[in-house]
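Structural description and commentary
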Amino acid sequence: MSKRLTVLILVVVLGVSVFAAACGNGGTPETTAAPSGEPFKIGFNTAFTDFMAYDEMLAQKGMKTGLAMIDNQIMGRPVVVIERDYASDPAQAVEKARELAEGEKVHCMVGPIFSPATAAVTGFLGTSTGIPDFSIMGQPSDNLATASGLAFIPQGLYGSQGYYFGKYCGEVLGYRSANCIHYEDTAAYQLQEGFERGFAEFGGEITSINYTPMDTVDFSPWLSAMKPADCTLFWVFGNGAVPFVQQYNQYGLKAPLVVPMANNFDREQLGDLGDMSVGMVACDIYVDSVDNPENKAFVEKYQEFYPGEYPMPQGYAAQQALFMFAKAVETTGGDTTPAKLIEALSTMSINTPAGKLTMKPYKDAFIPIRDFFILEVKKVGDGYQWVILETLSQVEMGE
């Protein structure tokens, strides 16, 4: 979740052309035989504008890569991804979902990333066509109230992510106190709540907790008042991520920095921080260094389109949603009836670039059993990157 404001113009220019490129231009290999028959339609409720644009662009890159990996077809039939720009606004997300579901008659929805928009979209789909909706990133537990029996959350709930990370910080790293500072956002509250539950299991206590406005880039008021603690947990992204770490060091604060979502810092940002980034510990559902055949193929294809870049969790999640839909369609023999697709997806097990993923019903939604990664920033060659400290194997990502 970085550099949102600096890429808005680029994203607007890209527009809906991103998937035109994925279907025959921009380096995509030609298929050996042109797909034929009625296309499978995927609605992509995404954002080219406002504060979610950068995250959504990363997801678009992952979707484009995934389409190339399956030669733009499933079972010999073409796959069409139809985008709509919800402009980072929940109300517009519902209108775009209406256009996609009722107008374009898509067979499933992917996105949006923004949690309030996701809740609004799944609520609408439950009263409309009832097609399955894939979350690109995790979701807060509050969104289960509008899950409508069609919400698939392959990344899991934010509370579980915070819980496993808090437990690791207490059990493995041995921390017993933490200062916490986050941007004011739904995800931050859920990550914090989960972290506190896991941390408390090993005697961990919260020394202080502060939420700052989302556009904060000067953290002086909070850093100057920070009390001694064993670590500092922070969820700050975009234009504030690098300044936070820089200012933290300028104030001479020594407690190790721990981050409940590694994708707040990409490789470029870690490079901007240099040695200040080394030793930061984080967690996430995906990192580009996962060692399995699926990830090797994903990274290689991704870099054909984007030389020198590495996929982020947002891109991985979009590719994963595409592959889950493809497997569901194969399971149903091409039947795209919503009930049939949901049945095929509800207990699906699939190997992904982040390892094995198994879905299961959870309340009125579907959550995963999956690998979850504890990461640390290290200097590798001339660059800085997240490397895997530990893999939490096949954990349930519920509340």
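Structural data are supplied above this passage.
Everything in this summary refers to the structure shown in the same document. Quantities reported herein were computed from a predicted structural model and do not represent experimental measurements.

Scanning the protein chain from terminus to terminus reveals 13 helices and 15 strands. For 399 residues, the compact-globule estimate of 2.2 N^0.38 gives 21 Å, and the protein chain sits close to it at 20 Å. Across its three principal directions, the C-alpha atoms of the protein chain cover 65 × 45 × 35 Å. Looking at the protein chain as a whole, 59% of its 399 residues qualify as buried. Excluding contacts between residues fewer than 6 apart, the proportion of contacts in the protein chain whose partners are at least 24 apart in sequence is 71%. If you sum the accessible surface of the protein chain, you get close to 14,600 Å²; carbon and sulfur atoms cover 52% of it. Distance from the positive charge centre (26 side chains) to the negative charge centre (46 side chains) of the protein chain: 3 Å.

Structurally, Pro132 can be placed in the loop between α5 (115-127) and β5 (133-134). According to the relative accessible area criterion, Pro132 is buried, its value standing at 0%. If sequence neighbours within four positions are ignored, Pro132 has contacts with His107, Cys108, Met109, Leu150, Phe152, Leu341, Ile342 and Leu345.

In this model, α5 (13 residues) spans 19 Å end to end at C-alpha, consistent with the 18 Å of a helix rising 1.5 Å per residue. Turning to α5, its buried residues number three or more, namely Ser115, Ala117, Thr118, Ala119, Val121, Thr122, Phe124 and Leu125. Elements that come into contact with the buried residues of α5 comprise β1 (40-46), α4 (90-103), β4 (108-110), β5, β6 (151-152) and α6 (158-171).

The next thing to look at is the pairing of β1. Within β1, six of the seven residues are buried, which leaves it mostly tucked inside the rest of the structure. Of the strand pairs in this sheet, β1 and strand β3 (residues 77-85) are connected by seven bridges, and their pairing is parallel. Looking across to β3, one finds that Lys41 is bridged to Val80. Of the strand pairs in this sheet, β1 and β4 are connected by three bridges, and their pairing is parallel. For Phe44, the partnering residue across the bridge sits in β4 and is Val110.

Turning our attention to the side chain of Gln320. Its location among the elements puts Gln320 in helix α12 (residues 313-332). You can call Gln320 buried: its relative accessible area is 1%. Ignoring any residue separated from it by four or fewer positions in sequence, one finds Gln320 in contact with Pro154, Gln155, Thr352, Leu357 and Arg370.

Orientation of helix α3 (residues 53-69) relative to α12, taken along the N-to-C sense of each, is 40°, at an axis distance of 7 Å. On the basis of the axis angle, α3 is oblique to α12. The handedness of the crossing between α3 and α12 is right-handed. Residue-level contacts link Asp55, Leu58, Ala59, Gly62, Met63, Gly66, Leu67 and Met69 of α3 to Gln314, Gly315, Ala318, Gln319, Leu322 and Phe323 of α12. Of the residues in the contact of α3 with α12, the class split is eight nonpolar, five polar and one charged.

Right, let's talk about helix α11 (residues 293-305) for a bit. Relative to the 18 Å expected for 13 residues at 1.5 Å per residue, α11 spans 19 Å between its end C-alpha atoms, a close match to the ideal helical length. In this structure, the buried side of α11 is in contact with α3 and α12. Two to three positions downstream of the cap, the backbone nitrogen of Glu294 sits 3.1 Å from a side-chain oxygen, assigning the N-cap of α11 to Asn292.

Applying the stated criterion across every chain, the model contains ten salt bridges. As a salt-bridge pair, Arg84 and Glu99 come within 2.9 Å of each other at their nearest N and O atoms. Residue Arg84 is located in strand β3, and its partner Glu99 is located in helix α4; the two are separated by 15 residues in the primary sequence. For Arg84, a relative accessible area of 22% gives the class partly exposed. Of the charged contacts, one joins Asp288 and Arg267 as a salt bridge, the two residues approaching to 2.6 Å between their closest N and O atoms.

This brings us to the side chain of Gln139. Take Gln139: it is sitting in the loop between β5 and β6. Engagement of the side chain of Gln139 in a polar contact is seen with the side chain of Ser135, the distance being 3.5 Å. At 2.6 Å, the side chain of Gln139 and the side chain of Asn143 are in polar contact.

Moving on, we get to the packing of α4 against α5. Contact pair α4 / α5: the axes reach a minimum separation of 8 Å and the direction vectors enclose 40°. The orientation of α4 with respect to α5, classified from their angle, is oblique. Crossing geometry of α4 relative to α5 is assigned as right-handed. Counting all contacts with α4, which are made through Pro90, Ala93, Val94, Ala97, Arg98, Ala101 and Glu102, the residues of α5 involved are Pro116, Ala117, Ala120, Val121, Phe124 and Leu125. When the residues that make up the contact of α4 with α5 are grouped by side-chain class, the tally is eleven nonpolar, no polar and two charged.

Our focus in this paragraph is unusual backbone geometry. Pro112 follows Gly111 through a cis peptide bond whose omega is 5°. Assignment of secondary structure puts Pro112 in the loop between β4 and α5. In this structure, Met75 is a non-glycine residue whose phi angle is positive, near 55°. In this structure, Met75 sits in the loop between β2 (73-74) and β3. Using a relative accessible area of 46% as the deciding quantity, one classes Met75 as partly exposed.

Definitions and limits used
- Residues numbered from 1 in each chain as written.
- Predicted model: local features only at pLDDT ≥ 70, side-chain atom pairs only at ≥ 80, totals over all residues.
- Heavy atoms only, no water.
- Helix = DSSP H or I, 4+ residues; strand = E, 2+ residues; numbered from the N terminus.
- Rg over C-alpha atoms; globule rule 2.2 N^0.38 Å.
- Buried < 20%, exposed > 50% of the residue type's maximum accessible area, 1.4 Å probe, protein only.
- Contact = heavy atoms within 4.5 Å.
- Areas by Shrake-Rupley, 256 points an atom, 1.4 Å probe, with all protein chains shown as cover.
- Lys, Arg positive; Asp, Glu negative; His and termini not counted.
- Charge placed at Lys NZ, Arg CZ, Asp CG, Glu CD.
- Expected span 1.5 Å × (residues − 1).
- Pairing = 2+ DSSP bridges.
- Axes fitted to C-alpha atoms, helices over the stretch in contact; angles between N-to-C directions.
- Parallel < 35°, antiparallel > 145°, perpendicular 65-115°, else oblique.
- Left-handed = near helix turned anticlockwise from the far one by under 90°.
- Nonpolar A, V, L, I, M, F, W, Y, C, P; charged D, E, K, R; others polar.
- Polar contact = N/O pair within 3.5 Å; in protein donor to acceptor, adjacent residues only side chain to side chain.
- Salt bridge = Lys/Arg side-chain N within 4 Å of Asp/Glu carboxyl O.

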